[in-house]
Amino acid sequence: MAGDVARKQLQARVGALPWAVRLQLRALEAAVDATQRRDGTVNRFLFSLLVDRQAPANPARPDAGGVRSVDVTVDASTGVRARVYFATGEAGAEADASPRPVIVYFHGGGFTVFSAATRPYDALCRTMCREAGAVVVSVTYRLAPEHRYPAAYDDGEAALRYLAATGLPAEVPVRVDLSRCFLAGDSAGANIAHHVAQRWTAAPATTPPAVHLAGLLLLSAYFGGEDRTESEQALEGVAPIVNLRRSDFWWKAFLPEGADRNHPAAHVTGEAGTEPELPEAFPRAMVVVGGLDPLQDWGRRYAAMLRRKGKEVRVVEFTEAVHAFYFFPALPETGKLVAEIRAFVESVAPNQTT
């Protein structure tokens, strides 16, 4: 009886979302379900027709918020690309402005769909660029199951090497401070951000490092394990987007063939094995969880693991937030999230490396 009451309360909270948001979430769910094939592949052509609208880059003319974007090739051998967002001011002012921090962003999509050009991600990165005063580099990494683990992590490292070796393209007339580089991502992209940070900080450092990771921003992070968490079970069939069937499909598409969800790519919190080794240079983190997101317990476990490792971490909880709430600028939680991101980025002063 108590369980039935709790479930009805959760359903009521999800049902309190604006109808337009609920409609768009239903459309996304339908598209995901229609394009996940029984053989473990994804019909991306159909997915693009149904929901994955693409936004073009705008290198010549800024948008209404003063943000321009340009597409660059990160690695020609793998086809990995990125979209660079930068805010412009008065003519000639960019060259004289103080160097800006960099946010390297990895989109979500269960490792299987979306890109930097996907409209909600294009809009989110523009907002972060404008509000956080940062240059945002949104990475279009290779997708599973065609490119399984560790391809996405390799592509994330490639993006950092690109910045270290090349810097920004000539079309971006702003200076950046690579000692203030933040890795960020949502859902599967947050998983990628964690693993790229772990790899980058474990690598032999140059003196000084060309790209210093100043922080980690994880939104609705997609971690997992063979054991189901309390939030995964309580929100099964209630919360939008993430359910056990879809989640299992995504892990099976991404992980090495034959691996289970306790693989270290998915399970990073130590309950089913050894906790990950985090280098001394592993950056401080901000972990964002939603109270109506089945992944919330994994986010809290991740933060607890960081604390056990002696890392600085701040957990930001939005009680009424569902998975992918940041797709919807009209939701109050999205505005609060942007303010939290800005404060986190601004908390690292220029030339501050600890």
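Residues numbered from 1 in each chain as written. Predicted model: local features only at pLDDT ≥ 70, side-chain atom pairs only at ≥ 80, totals over all residues. Heavy atoms only, no water.

A closer look at the overall build of the protein chain
Turning to step 1, where the next piece is worked out: Secondary structure assignment for the protein chain yields 11 helices and 8 strands.
Turning to step 2, where the next piece is worked out: Computed over C-alpha atoms, the radius of gyration of the protein chain comes to 19 Å, within 12% of the 20 Å expected from 2.2 N^0.38 for 354 residues, which places it in the range of a compact globule.
Turning to step 3, where the next piece is worked out: C-alpha atoms of the protein chain, sized along the principal axes, occupy 65 × 45 × 35 Å.
Turning to step 4, where the next piece is worked out: Counting all 354 residues of the protein chain, 55% fall into the buried class. (Helix = DSSP H or I, 4+ residues; strand = E, 2+ residues; numbered from the N terminus. Rg over C-alpha atoms; globule rule 2.2 N^0.38 Å. Buried < 20%, exposed > 50% of the residue type's maximum accessible area, 1.4 Å probe, protein only.)

Quick word on the packing of aromatic side chains
Turning to step 1, where the next piece is worked out: Taken as a whole and assessed by the stated rule, the structure comprises 19 aromatic pairs.
Turning to step 2, where the next piece is worked out: Ring geometry for F114 against F327: centres 6.2 Å apart, planes inclined by 70°, an arrangement best described as edge-to-face. Note that F114 is positioned in the loop between strand 3 (100–106) and helix 5 (119–132) and F327 in the loop between strand 8 (313–318) and helix 11 (332–346), a separation of 213 residues in sequence. Neither F114 nor F327 differs from the other in exposure class; each is buried.
Turning to step 3, where the next piece is worked out: When the centroid spacing of 4.2 Å and the interplanar angle of 10° are considered together, the rings of Y222 and W251 count as stacked. You can see Y222 sitting in the loop between strand 6 (213–219) and helix 8 (230–234) and its partner W251 sitting in helix 9 (residues 244–254), a full 29 residues away along the chain.
Turning to step 4, where the next piece is worked out: You can call Y222 buried: its relative accessible area is 1%.
Turning to step 5, where the next piece is worked out: Through a chain of ring-to-ring contacts, three or more aromatic side chains come together here, namely F47, Y105, F114, Y121, F318, F325, Y326, F327 and F328.
Turning to step 6, where the next piece is worked out: Taking NZ or CZ as reference, R301 lies 4.8 Å from the ring centre of W298, over its face. (Phe/Tyr/Trp six-rings, centres within 6.5 Å; stacked < 30°, edge-to-face > 60°. Lys NZ or Arg CZ within 6 Å of the ring centre and 35° of its normal.)

Worth remembering: the numbers are spatial, not functional.
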